[in-house]
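Here's the letter readout for the chains.
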Amino acid sequence: MRWSVRLGRISGIDLKMHVTFLLLLLWVGVSYYLPRHSWEDAWSGLVFIITLFAIVILHELGHALAARRFGIRTRDITLLPIGGVARLERMPEEPKEELLVALAGPAVNVALGLVIGLFMVTVTHSSIIGEIPLVGGDFLRKLLWVNVALAGFNMIPAFPMDGGRVLRALLAMRMDYSQATHVAATVGQVLALGFGFLGLFTNPFLVFIALFVWMGAASEASLVQMKSSLSGIPVSRAMITDYRTVHADDPLQAAIDHVLAGFQQDFPVLDSGRLVGVLVREDLLKALAREGPGARVGEIMRRDFETADPAEMLEPAFVRLRSCACRALPVVRRGQLVGILTADNVGEFLMVQAAVQEAVGSQRAI
């Protein structure tokens, strides 16, 4: 995710923070400081919000480690002002696996809540029920109810929350995966309308949640529909065969000329006819500003890149394309570059396929 800073690595997973998270820290500090103009209150607010997001990280780690059991890698976990996002390489395809991965996050919050509650009752002898003010109050009680709230909120049966994936997994045990996604997305959008209506008369924050849920449900349904449309189609049918390449010894100006001519944004890099890297548009622009058009492509290109085979199915290749930080996948057959795969061309291919099927359907009706 752009504008993210790497903080470290946990269990082999990169932990990142989006720069907007700093705005949240600033807002929390100011909110805690203003009521009593106390720097101690501001500091306690920052400690609380940092602890809260440590809990969010544990929640996302629950998903990541559960996915790892099924051979699914997690690329990174990113902290955002609205929570955390664990970026899995792919979603589990078996309903039971998706169910377990989706439940793992809320299960972490339930476990933390039970541990904190037990500690309060047996060690500190404090009540788990009581007032929870914005400033001050029992720190452990706040953490207890934060975990309860996180578990409850995430189990709302609407995408992109965990509850939406739980609902889809349960439905997919009895019906087609695409149909299950459609039903779960519809349920989520109905709930979003309810949140939005209530927010107009109560808390405006519910309107924000409604928009978040509505867009998440629509995005998930669209993605699954696209994946369903791509199944059974080889990469060779959708790849671009009229493409441009650059040589590792070429100056950046060669790639710039291709970009300005309107061909591509990412370029396969060849050396003696062999694919050795990929030049990505973002890297090209940064190097152009830093070193000028005379810098060599080989110094800027990415040597760690994904490829596709023309005979493999389009669906897994498209998933890799979406998950990598690039706009094109080189398509390689027996070590030789034969094409490139872009999201735009996949979209064009699907539109053409839909138009052809509609025309065939119309002719049959006649």
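Before reading on, note that the structure itself is shown above.
As the structure is a prediction and not an experimental result, all values here were calculated from the model. (Residues numbered from 1 in each chain as written. Predicted model: local features only at pLDDT ≥ 70, side-chain atom pairs only at ≥ 80, totals over all residues. Heavy atoms only, no water.)

> Explain the pairing of strand S2 (residues 13–18) residue by residue, including any values.
In terms of burial, S2 is largely enclosed, as six of its six residues are buried. Covered by surrounding structure in S2 are Ile-13, Leu-15 and Met-17 together with Asp-14, Lys-16 and His-18, the residues of both alternating faces. Alignment of strand S1 (residues 4–10) against S2, held across six bridges, turns out to be antiparallel. Each bridged residue has a counterpart across the sheet, and for Arg-9 the counterpart in S2 is Asp-14. If you look at the hairpin formed by S1 and S2, you'll find two residues sitting between the two strands, and Ser-11 has a positive phi there, around 50 degrees. Pairing of S2 with strand S3 (residues 74–80) involves four bridges; the strand directions are parallel. (Buried < 20%, exposed > 50% of the residue type's maximum accessible area, 1.4 Å probe, protein only. Helix = DSSP H or I, 4+ residues; strand = E, 2+ residues; numbered from the N terminus. Pairing = 2+ DSSP bridges.)

> Quick one: what's the story with the packing of helix H2 (residues 39–69) against helix H4 (residues 139–154), residue by residue and with numbers?
Running from N to C, H2 and H4 cross one another at 40 degrees; their axes reach a closest spacing of 11 Å. In terms of orientation, H2 and H4 fall into the oblique class. Judged by the twist between their axes, the crossing of H2 over H4 is right-handed. On the side of H2, the interface is formed by Val-47, Phe-48, Thr-51, Leu-52, Ile-55, Val-56 and His-59, while H4 contributes Phe-139, Lys-142, Leu-143, Val-146, Asn-147, Leu-150 and Asn-154. Partitioned by chemical class, the residues of the contact of H2 with H4 number nine nonpolar, four polar and one charged. (Axes fitted to C-alpha atoms, helices over the stretch in contact; angles between N-to-C directions. Parallel < 35°, antiparallel > 145°, perpendicular 65-115°, else oblique. Left-handed = near helix turned anticlockwise from the far one by under 90°. Contact = heavy atoms within 4.5 Å. Nonpolar A, V, L, I, M, F, W, Y, C, P; charged D, E, K, R; others polar.)

> Provide a residue-level description of helix H7 (residues 205–230), including the pertinent values.
In a regular helix each residue adds 1.5 Å, so 26 residues correspond to 38 Å; H7 covers 38 Å between its end C-alpha atoms and thus fits that length. Listing the buried residues of H7 in full gives Ile-209, Ala-210, Val-213, Gly-216, Ala-217, Glu-220, Val-224 and Leu-230. Gly-232 occupies a position one or two residues after H7 and carries a positive phi of about 85 degrees. (Expected span 1.5 Å × (residues − 1).)

> An account of the nonpolar core is requested, with residue identities and associated values reported.
Core analysis: the largest hydrophobic core is formed by 26 residues, its most contacted members being Ile-49 and Phe-53. Of all the elements in the fold, those that place two or more residues in this core are S2, helix H1 (20–33), H2, S3, helix H3 (95–124) and H4. By size, the runner-up hydrophobic cluster in this structure holds 20 residues, among which are Leu-230, Val-235, Ala-238 and Cys-326. (Core = buried A, V, L, I, M, F, W, Y, C linked by side-chain atoms within 4.5 Å.)

> I'd like a rundown of unusual backbone geometry, residues and numbers included.
Note: most peptide bonds trans; most residues except glycine with negative phi. In this model, Ser-11 sits at a positive phi of 50 degrees, which is unusual for a non-glycine residue. Looking at the secondary structure, you find Ser-11 in the loop between S1 and S2. Exposure remark for Ser-11: the relative accessible area of 41% places this residue in the partly exposed category. With phi around 60 degrees, Ser-272 is a residue other than glycine that occupies positive phi space. The topology assignment puts Ser-272 in the loop between strand S6 (267–271) and strand S7 (274–279).

> Describe the environment of Ala-149, naming the residues involved and giving the relevant values.
With respect to the helices and strands, Ala-149 occurs in helix H4. With a relative accessible area of 45%, Ala-149 lands in the partly exposed category. The spatial distance from the C-alpha of Ala-149 to the C-alpha of Phe-21 is 20 Å, given a sequence separation of 128 residues.

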